[in-house]
Amino acid sequence: MKPFEYRRIHTVEEIGHDDPGQARFLAGGTNLIDLMKHEIEVPDRLLDISRLKLATLKDCENGGLRVDTLVTNTALASDPRVRKTWPLLSAALLSGATAQLRNRATTGGNLLQRTRCYYFYDTARPCNKRNPGEGCSAREGQNRIHAILGASDQCIATHPSDMAVALVALEATLTLRAADGRERELPVEELHRLPGDHPEQDTVLEPGELIVAVTLPAPQPGRQIYRKVRDRSSYAFALISVGVILQVVEGRVESVRIAFGGVAHKPWRARKAEAALLNKAPTEANFRLAAEAELVDARGYGHNDFKIPLARRTLIATLRDAAHSEEEVPT
Amino acid sequence: MTNPAAIGQPLDRVDGPLKVTGRATYAAEHAFDQPPLIGWMVEATIPAGRIKRLDTGAAEASPGVAAVLTHHNAPAQTPFGEPDDKGRFTQSRAMLFDEHIRYHGFPVALVIADTLANARHAGALIEISYEPDEEAVTTAGEEADEVPGELDGGMEPDLFKGDFEHAYDDAEVTLDVTYTTPNQAAAAMEPHATIADFDGDQLVVYMSVQLIGPSVKALANTLKIDPDKVRVLSPYIGGGFGSKLGVHNEAILACLGALHLGRPVKVVQHRRHVFHNAPHRGNSVQRIQLGASRDGKLQAIGHESFMPMARGYEFAEPTGASARTTYRTDAIKSTHRVKSTDMPLADSCRAPGHAIGSLAFESAIDEMAYQCGQDPLAFRLGNMPDRDPGTGQPFASHDLAECLREGAEKFGWPSREPQPGSRSQGRQLIGYGVASTIRLNILVPSKTRIRLSADGTLTAWADMTDIGTGTYTILTQIAAETMGLSADRIKIELGDSRYPSSSGSGGSFGAASSGSALLNACENMRTRLLESAREQGLIGDEPADDARFENGQLILGDKTLSFTEVLNKSGAAYLETDGEVEPGDDHDNYSQHSYGAQFAEVHVDRDTGEVRVQRLLGVFSAGRILNPKTARSQLLGGMVWGLSYALLEELMLDERYGAFMNRDLAEYHLPVNRDMPTIDIHFREHPDPRSNPLGSKGIGELSICGAGAAVANAVYHATGVRVRDFPITLDKILRHLPE
Ligand SMILES: Cc1cc2nc3c(=O)[nH]c(=O)nc-3n(C[C@H](O)[C@H](O)[C@H](O)COP(=O)(O)OP(=O)(O)OC[C@H]3O[C@@H](n4cnc5c(N)ncnc54)[C@H](O)[C@@H]3O)c2cc1C
Ligand code: SF4
């Protein structure tokens, strides 16, 4: 770990006192500290935000829920409102990591966790995300867990968060605060970038910009399902995950939202699949057409080729489950 | 009343309270008045070649750094691998010896500092450039063509019995398939760790090691010091699985650091180090050819094994062991070939030979059963041997058929649909699998000394180790039963090279070997006590055989004397006796194995190919069970490893760098609680007097052999898909499952 300066802050106003470019926010630390030990992240300064008063869940007037950034993954997953109204989010959170990690992990930290690409973690190997211009070791290397959609020649990494997939399907928004105090709102879907020529940039956040909260809108009606496919039954990142909200009215799809995890550099909102399904009958054949529509541009890099059929099959299976369940989620 | 500590009783682990309260001192935890300095290992990033330039200036100037050790300044050592006529456990394991890189991850420097953080950061400041060897060999497969000197455990690399080619060509039903198993890590919970300290001019080494005696020799040899000047302590080990049999890299480095600085140095391998700096199991290619008559009688068994061998480190795994020992046949061809590679050291790992041998062989046997149109259980039962098929020796005992029968009944095997892929529940395909389990039963020379004190307590000493298996506990029971003492009167002292030389832990031989030596010492003690009592005139001349030893008392005729009385009367503060065991003719003349049968039920998701094991059942025959509780735990662990080999574990090799890429426990997949099915374990208890004086047999590695194949066979039965490339991850099933 490279020596660094540590400062605990108690109000967001204190952020502006530092040169924001040099500092990193420390929340639960379950990802950042690991990366600092490996000297993959080498901040000059750590601003410990864990004592900020940003750990509450608040009902919004329109039926939504505002989740402050320091709400832990455990607290969020077990909140009765979340379990009842946004079960997709609760299920996604509970499928991630372990109870111990979830007790410590925060909402903002979870969104900003970095890729698990093996080469990103091995500082002896070239990696454009770590050192732009160095090359990508994964393209021709071990890439079982890598992207099939939206990758670039520079980087084929995936974003590992389960929670983010649910938030994208639920169309949640972020409240962000720049170092100078300006606030802005941003759909979670727009937070993460595709790698393009700048895989070193995971997100569109400006230096020093703080995630203050995530707001869940009142959910659209329909059955919510999160399905995570992985190599072991717990404590493994998703090979493919799918979040679905499906409403079927009188034998046709009234509304649908779909997001994939494990397929791209960001949680992947499957708008093509959604468009293909809307107003159609919820049949196996239509599910397949929808999945194929989304995956036309998918490509594998060897070890991860199987993710293309797996994504298709998992989406079909999840839509089938959602369509055939009696139980409708109350709104 | 039975002594609750007697052999066969489910005595709780005597070291349990120490472990769950954190008072059992593991290698890295030994405390000193002056805390040791901390060493951080800096690893090579090429598989082979030499160091061209090494600049340690910035590291040396970094805060807290006491020394940076490299091949330029490390103390003198014997060259790696010498003397070459000695086995790998005593040969030199020199580190920082010269500029040559043996494998990816090979230590090129040790940074020694006041804290781990300072050492680790300074490590990142070392600048190294390499001249890589362009010819580096980082893979091994079917092209392996070197004949190893001998196989681990002493088996011959090649075995030919009968006329294999003819028998195979003439067979009505034949099978010729190739199975592969990946590189696997031992993945013990406790990483390899060592503290090197001094006691006067003696080097005192606290380390996590399974075999103490050989490690003293290895350290003395490597460091060119007198073996008397080395003491090794290893009282507790947090799992070894073969990877801690010998001395490993951090131990040599800690000693070099301590010798260089004249101060204690601690080196704990980081989890990411362990994957390259502790030995692993190499990948295997196993070609299996079977020939049988149409009615399912095996006539030819062929097994060709191809594996890597780390250059300069002689170790060849007896992968063909299962093919040579399990079924009756007219002809056997079993060969082992290795290929020298520039890969990290390959060595023993969780049941070398049978574990991955049975994974492939018992899967192939299953294939053959289906080809002959037989139930896989019936096929196995129809091919039981009456002598050891490979050696022709008679069996000391043989209980495989009974294990299979009993297991089948308990598991509900008869309810199985014969046709693969024919049973489902919702989207889950359901399958049953079976496999035979067989594991070599070994006895190795072992010694013990015991002392019976006048206060009626007994202490036993041996340089034996307890790798978390329950050795302290079963030794307590052997002494308790033989001497008629309660557990709290007995103290077992292990893990110190000053104690009598024992078997150490490995190859499932620990309990039998160290236990038999202790039994012998206790029997000698009984004789001594009787003699002493007789000399004092405390007893008459009734035959010694009539004497009983109970509740700390000697009972003979109408006399009941406490041990304390006998000792007090004789004026001795204590009595000491030695005990030992040597494998005798029964091990030369008989085929000695433990047996079992394992059954698995799996569910396979027809959409995603995910496999979940629903239940595992095993029936085991391993002689006399010393403690059903610790025995069950051993078998339970082995079944979990078996499941893990079938479905999960794989070191992902990047051939370009000779490096395993998934070097952490998030990505090297071991089973977690949720992967664990219901596990049902039964014993068929038949003490085997030819095995050893206790009548017990090896149990530690038994259940891993076969458990994986039972799971793999269940996957086939569920899906009709036979995956021959382990582990069976979902992608390998998915491509064959209709959408
Ligand atoms: C072994 C293991 C397995 C795991 N498995 C899974 C899994 O299956 N699924 C899954 O989704 N996750 C998994 N995780 C990841 C885990 O969810 C994340 O580590 C965790 O959510 C990060 O939260 P944190 O609060 O600890 O973040 P930190 O480590 O504190 O921070 C992470 C990043 O976010 C930044 N940050 C934190 N808060 C803010 C804020 N408010 N504003 C701006 N920037 C901020 C930090 O500066 C840092 O760059 C796993 C982690 C481990 C170690
Ligand atoms: S995929 Fe991205 S993170 Fe992985 S090695 Fe390539 S550039 Fe680095």
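Residues numbered from 1 in each chain as written. Chains lettered and ligands numbered in written order. Predicted model: local features only at pLDDT ≥ 70, side-chain atom pairs only at ≥ 80, totals over all residues. Heavy atoms only, no water.

## Quick notes on unusual backbone geometry
Residues and elements named next belong to chain B.
Here is step 1: The omega torsion across E82 and P83 is -10°, close enough to zero to call that bond cis.
Here is step 2: Along the chain, P83 turns up in the loop between β3 (65-69) and β4 (100-101).
Here is step 3: Cis geometry marks the peptide bond from F726 to P727; its omega dihedral reads 0°.
Here is step 4: If you trace the backbone, P727 turns up in the loop between α17 (704-719) and α18 (730-734).
Here is step 5: For A351, which is not glycine, the phi dihedral falls at a positive 60°.
Here is step 6: Topologically, A351 is positioned in the loop between β17 (331-341) and α9 (354-371).
Here is step 7: A relative accessible area of 0% means that A351 is categorised as buried.
Here is step 8: At N551, a residue that is not glycine, the phi angle is positive and equals roughly 50°.
Here is step 9: Mapping N551 onto the fold places it in the loop between β23 (548-550) and β24 (553-556). (Helix = DSSP H or I, 4+ residues; strand = E, 2+ residues; numbered from the N terminus. Buried < 20%, exposed > 50% of the residue type's maximum accessible area, 1.4 Å probe, protein only.)

## A short note on the interface of chain A and chain B
Here is step 1: If you look at the interface, chain A gives 39 residues, while chain B gives 39 residues.
Here is step 2: The contact between chain A and chain B buries some 3,500 Å² in all, and 50% of this surface belongs to carbon and sulfur atoms.
Here is step 3: The tally of links from chain A across to chain B stands at 7 salt bridges.
Here is step 4: Residues E739 of chain B and R288 of chain A are paired through a salt bridge, measuring 2.7 Å at the closest nitrogen-oxygen approach.
Here is step 5: At the surface where chain A touches chain B, the tally comes to 25 residue pairs in polar contact (both at pLDDT 80 or more).
Here is step 6: Tallied by class, the residues present in the side of chain A that touches chain B amount to 15 nonpolar, 7 polar and 17 charged. (Contact = heavy atoms within 4.5 Å. Buried area = accessible area lost by both parts, 1.4 Å probe. Salt bridge = Lys/Arg side-chain N within 4 Å of Asp/Glu carboxyl O. Polar contact = N/O pair within 3.5 Å; in protein donor to acceptor, adjacent residues only side chain to side chain. Nonpolar A, V, L, I, M, F, W, Y, C, P; charged D, E, K, R; others polar.)

## Considering the sheet that holds strand β11 (residues 252-261) of chain A
All names here are of chain A.
Here is step 1: The sheet built from 4 strands is open, its strands ordered β9-β10-β11-β12 with antiparallel pairing. Each end of this open sheet is capped by a strand with a single partner; those strands are β9 (223-229) and β12 (268-269).
Here is step 2: Pairing of β9 with strand β10 (residues 240-249) involves 7 bridges; the strand directions are antiparallel. By the bridge assignment, R223 is partnered in β10 with L246. (Pairing = 2+ DSSP bridges.)

## A few points about the packing of helix α12 (residues 471-483) of chain B against helix α13 (residues 510-535) of chain B
Residue and element names in this part refer to chain B.
Here is step 1: Interhelical geometry of α12 versus α13 gives an angle of 25° and a closest axis separation of 9 Å. Here α12 is positioned roughly parallel relative to α13, judged by the angle of their axes. The two elements α12 and α13 meet at a crossing, and its hand is right-handed. Residue-level inspection shows T471, I474, L475, I478, A479, T482 and M483 of α12 in contact with α13, the latter providing A511, S514, G515, L518, L519, C522, E523, M525, R526 and L529.
Here is step 2: Broken down by class, the residue content of the contact of α12 with α13 amounts to 11 nonpolar, 4 polar and 2 charged. (Axes fitted to C-alpha atoms, helices over the stretch in contact; angles between N-to-C directions. Parallel < 35°, antiparallel > 145°, perpendicular 65-115°, else oblique. Left-handed = near helix turned anticlockwise from the far one by under 90°.)

## Some details on the domain arrangement of chain B
Residues and elements named next belong to chain B.
Here is step 1: Domain boundaries in chain B define domain 1 (16-23 + 444-582), domain 2 (32-134 + 187-278) and domain 3 (159-183 + 281-442 + 588-734).
Here is step 2: On a C-alpha basis, the centres of domain 1 and domain 3 stand 39 Å from each other.
Here is step 3: By the criterion of area lost to domain 3, the three top residues of domain 1 are T469, S508 and A512, representing 35% of everything that side buries.
Here is step 4: Linking domain 1 with domain 3 are 1 salt bridge.
Here is step 5: Two residues, R624 and E481, come together in a salt bridge whose shortest N-O distance is 3.2 Å.
Here is step 6: If you look at where domain 1 meets domain 3, you find 3 residue pairs in polar contact (both at pLDDT 80 or more).
Here is step 7: Put simply, the parts of the chain that give the side of domain 1 that touches domain 3 at least two residues each are α12 and α13.
Here is step 8: If you tally residues by element for the side of domain 1 that touches domain 3, the top one is α13, at 6 residues.
Here is step 9: A breakdown of the residues in the side of domain 1 that touches domain 3 according to their chemical character gives 8 nonpolar, 9 polar and 1 charged. (Domains from an automatic or database assignment.)

## Details of the site of ligand 1
Residue and element names in this part refer to chain A.
Here is step 1: Lining the immediate surroundings of ligand 1 are 32 residues, of which F25, G29, T30, T106 and D162 lie closest.
Here is step 2: Residue R24 places a side-chain N or O atom 2.9 Å away from an oxygen atom belonging to ligand 1.
Here is step 3: At 3.5 Å, a backbone N or O of N110 approaches an oxygen atom of ligand 1.
Here is step 4: Isolated, ligand 1 exposes 980 Å² of accessible area, and the fraction of that covered by the protein chains is 95%.
Here is step 5: If you list the elements that add at least two residues to the shell around ligand 1, you get β2 (23-26), α6 (107-111) and β8 (210-216).
Here is step 6: Looking at the shell around ligand 1, the element that brings in the most residues is α6, giving 3 residues. (Near = heavy atom within 4 Å. Areas by Shrake-Rupley, 256 points an atom, 1.4 Å probe, with all protein chains shown as cover.)

## A word on the packing of aromatic side chains
Residues and elements named next belong to chain B.
Here is step 1: In total, this model carries 16 aromatic pairs over all chains according to the counting rule given.
Here is step 2: Between F164 and Y168, the aromatic rings sit 5.7 Å apart at their centres with planes inclined by 15°, giving stacked as the arrangement. Linking F164 with Y168, this pair stays in helix α4 (residues 164-170), spanning 4 residues, or about one helical turn. With respect to class, F164 is no different from Y168; both count as buried.
Here is step 3: Seen from their ring centres, Y327 and F361 are 6.1 Å apart, and the 40° between their planes marks the pair as tilted. In this pair, Y327 sits in the loop between α8 (321-325) and β17 while F361 sits in helix α9, placing the two residues 34 residues apart along the sequence. Comparing Y327 with F361, the two get one shared label, buried.
Here is step 4: These aromatic residues form a ring-pair network of at least three members: F411, W413, Y432 and F599.
Here is step 5: Just above the ring of F411 sits the side chain of R615; from NZ or CZ to the centre is 3.9 Å.
Here is step 6: Against the face of Y716 rests R722, its NZ or CZ located 4.2 Å from the ring centre. (Phe/Tyr/Trp six-rings, centres within 6.5 Å; stacked < 30°, edge-to-face > 60°. Lys NZ or Arg CZ within 6 Å of the ring centre and 35° of its normal.)

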